[in-house]
Amino acid sequence: TKMVTGWNGLAISAMTEGYRLTGRRGYLDAAEKTAQRLWKTHRRAGDQLLRAQTDGEGDSKGILDDYAYFAVGLINLFEVTSDVTYLKQGIALVKTADERFGREEGGWYQTEVGDKSLLFRHFELYDSVRPSGNAMMLEAHLRLSALRGDEAHQLLIDKTLGAYTLSLSQSGLGVAGWTRVALRAQGPFYEVVIAGEERTELERVWREVNPTWALRVDLPKSGAPRALASIAPTLSSKSERVGRATAYVCLKGVCKAPTAEPEVFKRQLLEGWLR
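Residues numbered from 1 in each chain as written. Predicted model: local features only at pLDDT ≥ 70, side-chain atom pairs only at ≥ 80, totals over all residues. Heavy atoms only, no water.

What follows covers helix H4 (residues 84–101). Look at H4: 25 Å from first C-alpha to last across 18 residues, which is about the 26 Å you get at 1.5 Å a residue. Buried residues of H4: Val84, Tyr86, Leu87, Gln89, Gly90, Ile91, Ala92, Leu93, Val94, Thr96, Ala97 and Phe101, and no others. If you follow the buried residues of H4, they end up packed against helix H2 (25–41), strand S3 (48–49), helix H3 (64–81), helix H5 (133–148) and helix H10 (226–231). The backbone nitrogen of Thr85 has a side-chain oxygen 2.9 Å away, supplied by the residue at the start of H4, namely Asp83. (Helix = DSSP H or I, 4+ residues; strand = E, 2+ residues; numbered from the N terminus. Expected span 1.5 Å × (residues − 1). Buried < 20%, exposed > 50% of the residue type's maximum accessible area, 1.4 Å probe, protein only. Contact = heavy atoms within 4.5 Å. Polar contact = N/O pair within 3.5 Å; in protein donor to acceptor, adjacent residues only side chain to side chain.)

Right under this line is the structure:
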């Protein structure tokens, strides 16, 4: 009877990953239905989220975790569907969270600015049984940086990680979420586009490597529609070549040679991560 926004956001990410790795449509259907229901029933004017609903009644304002988990879930859902609606929604939640929870010195408070019910605003650095909202906000900005090519996202990541370097270096697994983002932010964190309809062999390579250091978007053979390219410029000018599905492995907008060859694609994905 109780639906928590943030926890369902984590479930959306898990379902999209399940779909990406197995191709089982049921996972994608579950992710999309959940995202659509949350967006319809757990959001108020100005993109304010509810923390939860019990028997259909909202009980409190959302905290940082709700915005961060749901935003990452929506961005992940965009990655497997190429549906620009989910990307727009994820961007909107990240923007709202930055405005309402952001700290001047870097990072985000757990509660909104101006919440008079609290004596002070809590800042949560550490993961618990769930990743910290701060780590997930960094995750959202990392993925948006790769998709949009907007330097502002990367600057915010650098500022936030830099502000807590000492604490992070002394905290071990307590800050695993932060460390995961920091490792990939140092790169290479690849933006991968596969354009074309017959993607079976390139798909096989992706599942074999399963690169956690990359995001992937699939496009039709003609490339990104104008509405999508205007929001995610890094997807522009990427289309099928020589009559075969074509992979583009890019880093901050600079791409390796486009390839339709599975072995070349595999080598490009692994470059910089082989130890």
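This paragraph deals with the pattern of salt bridges. One pass over the structure, following the stated rule, counts 19 salt bridges. Between Asp66 and Arg51 there is a salt bridge; the shortest N-O distance is 2.7 Å. Of this pair, Asp66 sits in helix H3 while Arg51 is found in the loop between S3 and strand S4 (52–54), placing the two residues 15 residues apart along the sequence. Of the two residues, Asp66 and Arg51, both sit in the buried class. Here Glu208 makes a salt bridge to Lys266, at a shortest N to O gap of 2.6 Å. Placement of the pair is Glu208 in helix H9 (residues 200–209) and Lys266 in helix H11 (residues 262–270), with a sequence separation of 58 residues. Judged by its relative accessible area of 23%, Lys266 is partly exposed. (Salt bridge = Lys/Arg side-chain N within 4 Å of Asp/Glu carboxyl O.)

Counted by the stated rule, this structure contains five aromatic pairs. On the basis of an interplanar angle of 75° and a centroid distance of 5.6 Å, the ring pair of Tyr164 and Trp178 is categorised as edge-to-face. Of this pair, Tyr164 sits in the loop between helix H6 (151–163) and helix H7 (165–169) while Trp178 is found in helix H8 (residues 176–185), placing the two residues 14 residues apart along the sequence. Each member of the pair, Tyr164 as well as Trp178, is classed as buried. Relative to Trp273, the ring of Trp213 has its centre 5.3 Å away and its plane inclined at 20°; by these criteria the two rings are stacked. With Trp213 in the loop between H9 and strand S7 (214–219) and Trp273 in the segment after H11, this residue pair connects regions lying 60 residues apart in the sequence. Comparing Trp213 with Trp273 shows no difference in burial state: the two are buried. The structure contains a cluster of three or more aromatic residues connected by ring pairs, namely Phe123, Tyr164 and Trp178. Lying across the ring of Tyr109, Arg103 places its NZ or CZ 4.9 Å from the centre. For the cation-ring pair, Arg216 lies above Trp206, with the distance from its terminal atom to the ring centre recorded as 5.4 Å. (Phe/Tyr/Trp six-rings, centres within 6.5 Å; stacked < 30°, edge-to-face > 60°. Lys NZ or Arg CZ within 6 Å of the ring centre and 35° of its normal.)

If you trace the backbone, Glu203 turns up in helix H9. Look at Glu203 and you get buried, because its relative accessible area is 16%. The contact partners of Glu203, leaving out residues within four places of it in the chain, are Arg20 and Arg216.

On to the sheet that holds strand S9 (residues 254–255), then. Reading across from one edge, S7-S6-S8-S9 is the order of the four strands in this open sheet, with mixed pairing throughout. Sheet topology places S7 and S9 at the edges, where each strand pairs with a single neighbour. Here strand S8 (residues 246–251) runs beside S9; their pairing, made up of two bridges, is antiparallel. Residue pairing for S9: Cys250 is matched across the bridge by Cys255. Across the sheet, H11 lies against strand S6 (190–195) and S8, angled at about 160° from S6, the strand it touches most. (Pairing = 2+ DSSP bridges. Axes fitted to C-alpha atoms, helices over the stretch in contact; angles between N-to-C directions.)

This next bit is on unusual backbone geometry. In this structure, Pro188 follows Gly187 across a cis peptide bond, with omega equal to 0°. Within the element layout of this structure, Pro188 appears in the loop between H8 and S6. With a phi close to 45°, Val242 is a non-glycine residue in the positive phi region. Within the fold, Val242 resides in the loop between H10 and S8.

Worth remembering: the numbers are spatial, not functional.
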